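# Chains, contacts and geometry: an overview
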Amino acid sequence: SGEKKRWNGGGQHGNYTGSLVTDGAHPTGKPIPLFSNFVERFTDRGNLVLDPFMGSGTTGVAAIQMGRKFIGVERESKYFDIACKRIEQTLAQLSLFEDVKLQMSQETLL
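Definitions and limits used
- Residues numbered from 1 in each chain as written.
- Predicted model: local features only at pLDDT ≥ 70, side-chain atom pairs only at ≥ 80, totals over all residues.
- Heavy atoms only, no water.
- Helix = DSSP H or I, 4+ residues; strand = E, 2+ residues; numbered from the N terminus.
- Buried < 20%, exposed > 50% of the residue type's maximum accessible area, 1.4 Å probe, protein only.
- Contact = heavy atoms within 4.5 Å.
- Areas by Shrake-Rupley, 256 points an atom, 1.4 Å probe, with all protein chains shown as cover.
- pLDDT = per-residue confidence, 0-100.
- Axes fitted to C-alpha atoms, helices over the stretch in contact; angles between N-to-C directions.
- Parallel < 35°, antiparallel > 145°, perpendicular 65-115°, else oblique.
- Left-handed = near helix turned anticlockwise from the far one by under 90°.
- Nonpolar A, V, L, I, M, F, W, Y, C, P; charged D, E, K, R; others polar.

## Topic: the overall build of the chain
- Each helix and strand counted, the chain has three helices and two strands in total.
- Along the chain, from the amino end to the carboxyl end, the secondary structure elements read α-β-α-β-α.
- With 110 residues in all, the chain has 30% of them scored as buried.
- A separation of at least 24 residues holds for 53% of the contacts in the chain among residues at least 6 apart in sequence.
- As presented, the chain carries roughly 7800 Å² of accessible surface, and 54% of it is formed by carbon and sulfur atoms.

## Topic: the confidence of the model for the chain
- Residues of the chain with pLDDT of at least 70 account for 71%, and the chain-wide mean is 82.
- Per-element mean pLDDT across the chain ranges from 90 in helix α1 (residues 32–42) up to 96 in helix α2 (residues 58–65).

## What to know about the packing of α2 against helix α3 (residues 77–95)
- Packing of α2 against α3 brings their axes to within 9 Å, and their N-to-C directions diverge by 15°. Considering the angle they form, α2 stands roughly parallel to α3. Relative to α3, α2 is oriented so that their crossing is right-handed. Two secondary-structure elements touch here, α2 through Thr 58, Gly 60, Val 61, Ile 64 and Gln 65 and α3 through Arg 86, Ile 87, Thr 90, Leu 91 and Leu 94.
- Taken together, the residues that form the contact of α2 with α3 break down as five nonpolar, four polar and one charged.

Below you can see the structure in the form of structure tokens.
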């Protein structure tokens, strides 16, 4: 039917040929283009992306840049704060072009 196959990214190979350089905000940081590729393959504009191990927020930045909603979970407050700052900066850049509503909060599970 021509519809994108979500379970395998439309049959694309699972390789990434871009830079592995990050901003160093997290010890296992990933490049935004890598996660933009994942977001594009497995979601559509307006979908919700959940990252239960958010770290410094790379998935959130990629999701927001690509017009997706985002929920992130991070237990380390240091990295949560970094992620919020990065996502706020991304939203600020986008708000120059469209009306973006921001709602961030830090909840505790304990």
